[in-house]
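Fold and contact review
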Amino acid sequence: MSTPDSSPDTQPVAASAALMERALAVTPGGVNSPVRAFRAVGGTPRFIASAAGPWLRDVDGNRYVDLVGSWGPMILGHTHPDVLAAVQGAAAHGFSFGTPSANEVALAEEIVARVEPVEQVRLVSSGTEATMSAVRLARGFTGRSAVVKFAGCYHGHVDALLAHAGSGIATFGLPDSAGVPASAAAETIVLPYNDVEALEAAFAEHGERIACLITEASPGNMGVVPPAPGFTDALRRVTREHGALLISDEVMTGFRCSASGWYGLEGPYEGGAPDLFTFGKVMGGGFPAAAFGGRADILAHLAPLGPVYQAGTLSGNPVATAAGLATLRGCTPEVYERLERTARTIADAASAALTEHDVPHTVQWAGSMFSIFFQPGPPKPVRDYDDAREQDLPAFAAFFHAMLAAGVHLPPSAFESWFVSAAHDEEAIEAVLAALPGAARAASDSRARMTR
């Protein structure tokens, strides 16, 4: 797998560059989440000053169509009037109480009403908290310690879930980050995604120790790699046979793929629903809010009812829950139909431009979420992390910077989903379509340089 050369900035970026220099002095890498640093594509990260609808404006005054959407939450667009009014109304009554409040009850009721297998939820402040807590709850409920996850699925920066595969199909994992104790990773079995044979082998060998299997409902953190037909049913069958819980991580897909997330597209399952779900992003409307939930008998093991401890000072924050509630209520059937149309228009045009310039690629979908995999050879379906890693990263970097120069902000990584919003109007879509031929040409030129 090759790495991209740094691409020159072709727009005015002096203010962003100055902020980055200041940030580097006080923040590791200059950013508070690694992908923002542009290390995968080179160049200067854009410091955004404002956003409205489908548009971003950076501190240098450059304007962009946003296809990142804060990595998914901005499903209605930035500063949507209804969400803004809800936030302002909630903030006027207080920023945080440290007590129960009405908004958190209403948001929990909205989630439970949307996802049929979810009987109860506990609100938290981030997707990482949600997955960490769900795994702890599964361990407390089953009395077991081992966890199964899949290579390429990201569940936040939880020690036990930052693990990569050991030397065998059914061996325990190795730390995937400095600072993660080997003892934490050793309780995690990492398997190839979409591989039922590996799944069955792992449970046959370690089933009595396994508390849970956690999976992205439809992975979006290695690019969009949906489960193969029958794979989710196999997860349910195997976990149930061995007395383990199945955790469906819908932090990314939840309320984005449909009104009830990926479960609304693929479920209900013949063998039954997952035992626990995790949610985030859309349910917070751009504010720090997330949740985990599922069967009431499992949730009853949480404190103050049961022995599994979990707490958070800002959990159920009244302003964040107001934003999330307004966002979910704004996600009407018409909104989901618009997201699908917009995503298809953009993806089809991107694919056509890349094809015209002989850039091998594959487009994959999860509802309106999609990824374009820049492949080094003939296009083929991407089924797992090994497939996803076989990308032409210099070609993507060239494509990314050409789009950025033309006023379109893509995710600065080849391993991410593209996100559209209900606010992407004709002007925004036309701006994206106009940028695509030049970006495809840049990707093609990059490939040509690499083959000389």
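This text goes with the structure placed above it.
Residues numbered from 1 in each chain as written. Predicted model: local features only at pLDDT ≥ 70, side-chain atom pairs only at ≥ 80, totals over all residues. Heavy atoms only, no water.

For the bond from G267 to P268, the omega torsion is -5°, close enough to zero to count as cis. Structurally, P268 is set in the loop between α8 (261–266) and β11 (276–279). Cis rather than trans, the peptide bond between A303 and P304 has omega equal to 15°. In this fold, P304 is placed in the loop between α9 (296–299) and α10 (318–330). In this model, S70 sits at a positive phi of 55°, which is unusual for a non-glycine residue. Within the element layout of this structure, S70 appears in the loop between β3 (63–66) and α2 (81–91). Located in the positive-phi region is K281, a residue other than glycine, with phi close to 55°. The residue K281 is located in the loop between β11 and β12 (290–294) in this model. Residue K281 is classed as partly exposed on the basis of its relative accessible area, which comes to 25%. (Helix = DSSP H or I, 4+ residues; strand = E, 2+ residues; numbered from the N terminus. Buried < 20%, exposed > 50% of the residue type's maximum accessible area, 1.4 Å probe, protein only.)

We now examine the sheet that holds strand β1 (residues 48–52). What the four strands build is an open sheet, ordered β1-β2-β3-β15; its pairing is mixed. Taken across any chain shown, the strands that pair with only one partner, and hence form the sheet edges, are β1 and β15 (408–409). Strand direction decides the pairing type here: strand β2 (residues 55–58) and β3, joined by three bridges, are antiparallel. If you follow R57 over to β3, its bridge partner there is R63. The sheet strands contacting helix α14 (residues 426–450) are β2, β3 and β15, and the helix crosses β3 at an angle near 100°. (Pairing = 2+ DSSP bridges. Contact = heavy atoms within 4.5 Å. Axes fitted to C-alpha atoms, helices over the stretch in contact; angles between N-to-C directions.)

This part is about the state of the cysteines. Inspection of every chain in the model, using the stated rule, returns zero disulfides. Free of any disulfide, C153 has its nearest neighbouring cysteine sulfur in C212, separated by 13 Å. Left without a disulfide partner, C257 is nearest to the cysteine sulfur of C331, which lies 12 Å away. (Disulfide = S-S within 2.5 Å.)

Right, let's talk about the pairing of strand β9 (residues 210–216) for a bit. Taking burial as the measure, the seven residues of β9 include seven buried ones, the bulk of the element. Here strand β5 (residues 146–150) pairs with β9 via three bridges, running parallel. By the bridge assignment, A146 is partnered in β9 with I210. Across five bridges, the pairing between β9 and strand β10 (residues 245–250) is parallel. Looking at β10, one finds that E216 is bridged to D249.

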